[in-house]
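# Fold and geometry: a report
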Amino acid sequence: METTIRKEKSVSLSQRAYEELRTKILNNDLRPGRFFLEKELATLLGVSRTPLKEALVKLENEGLIKVQPRHGMQVIPLSADDMAEIYQIITSLECEAVSTIARRGLSNREISQLEETGISMAEALEQDDLQSWARADEDFHRLLLDFCGNTRLKQTVLNYWDISHRARMFTLNLRDKPVNSTKDHQQVIEAIKAKNAEKAVSIHRQHRVNGGAVLVNIIKQYRLDHL
C-alpha cells in the first residue's frame, strides 16, 4: 500500500514538473540554447531529481528539449529553416483535416463554433489585443482538428504547434496587423458549408503558406536565429 502511494506521489510530482517546465519553455521563460543543470531545474520547480528526470524524458520525446549527461537540459533553438519545415508539415496535415470536414459536412453547432472564433479574432484586433487574437486564431485551427475526427493527425499537428509556439509568440508584435486571417477563416467556413472540399483546401493551404512565410521572413529579417 505504501509503495503504491509513493509511486502515485512520484507520478504526480513528475506530471507537475512536466507541465510547469513545458509552460516555461513555451512561454520563452527559459532561453533556447543555454544548458540548465538538473540541480538548477529541480530547485526552480521545487521537486527532487527523480520526478524531474521523468519530466525531462517526456519533453525530450516531444522534441522540445535535448538532454545531455552532466550538462543538463537544453531548450532546442528554432531557426528560419526549422519553421519553414514545421509549417510545411502543419499545412499539409491541416489541409487533410479541412478536406475531410468539407466532404463530410459539419453540424450547425460546429459551424457556429468556428464562426465564434472569427468574432473573437475581430474583437481582439479592434482592441489591439494580439494575445487574445492569437488564442482565438488557435481555437479556430484546433476546432478543425477536433472536427476531422482523426486523433493521430490532430496529435501530430499539435506536437508541431507546440514546437513552433515560442517563435509565434516571440514574433507576434513584430508582424503587421493580421487583418486578413479572419477573412481567410470565414472563406474556409463558407466552402465547408457548401461541401466544396477543393475550394476549402485551396483557401486554407494559401492561408497557412502565407502565415508561415510571414513568420519565416520575420525570423530572417531580425536575425532571430535561435528562438
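Residues numbered from 1 in each chain as written. Predicted model: local features only at pLDDT ≥ 70, side-chain atom pairs only at ≥ 80, totals over all residues. Heavy atoms only, no water.

### Quick look at the pattern of salt bridges
Two side chains that carry opposite charge are able to pair once their charged atoms sit near each other. Tallied over the entire structure, the rule returns 11 salt bridges. Residue R208 is joined to E94 by a salt bridge in which the shortest nitrogen-to-oxygen separation is 2.9 Å. Within this pair, whereas R208 is found in helix α9 (residues 197-221), its partner E94 is found in helix α4 (residues 80-104), the two being separated by 114 residues in sequence. Considered together, R208 and E94 belong to a single accessibility category, that of buried residues. Of the charged contacts in the structure, one is a salt bridge between K193 and E190, with a shortest N-O distance of 3.4 Å. Highlighted residues: K193 and E190, both in helix α8 (residues 180-193), separated by 3 residues, approximately one helical turn. Assessed through its relative accessible area of 39%, E190 is described here as partly exposed. Salt bridges linked by common partners bring R22, E62 and D162 together as one network. (Salt bridge = Lys/Arg side-chain N within 4 Å of Asp/Glu carboxyl O. Helix = DSSP H or I, 4+ residues; strand = E, 2+ residues; numbered from the N terminus. Buried < 20%, exposed > 50% of the residue type's maximum accessible area, 1.4 Å probe, protein only.)

### Section: the sheet that holds strand β1 (residues 35-36)
Taken in spatial order, the 3 strands of this open sheet run β1-β3-β2, and their pairing is antiparallel. The sheet is open, and its two edges are formed by β1 and β2 (65-68), each paired on a single side. Looking at chain direction, β1 and strand β3 (residues 72-75) are connected through 2 bridges and run antiparallel. Within β3, the residue paired with F35 across the bridge is Q74. Running over the sheet, helix α3 (residues 49-61) touches β2 and β3 and is turned about 130 degrees from β2. (Pairing = 2+ DSSP bridges. Contact = heavy atoms within 4.5 Å. Axes fitted to C-alpha atoms, helices over the stretch in contact; angles between N-to-C directions.)

### Points about the domain arrangement of the chain
One can read the domain layout of the chain as domain 1 (2-75) and domain 2 (80-221). Here domain 1 and domain 2 have C-alpha centroids that lie 30 Å from each other. Each partner contributes to the interface: domain 1 provides 10 residues, whereas domain 2 provides 7 residues. Linking domain 1 with domain 2 are 1 salt bridge, by the criterion used here. Residues D162 and R22 are paired through a salt bridge, measuring 2.0 Å at the closest nitrogen-oxygen approach. Linking domain 1 to domain 2 there are 2 residue pairs in polar contact (both at pLDDT 80 or more). Top contributing element to the side of domain 1 that touches domain 2 by residue count: helix α1 (residues 2-26), with 3 residues. Of the residues in the side of domain 1 that touches domain 2, the class split is 5 nonpolar, 3 polar and 2 charged. (Domains from an automatic or database assignment. Polar contact = N/O pair within 3.5 Å; in protein donor to acceptor, adjacent residues only side chain to side chain. Nonpolar A, V, L, I, M, F, W, Y, C, P; charged D, E, K, R; others polar.)

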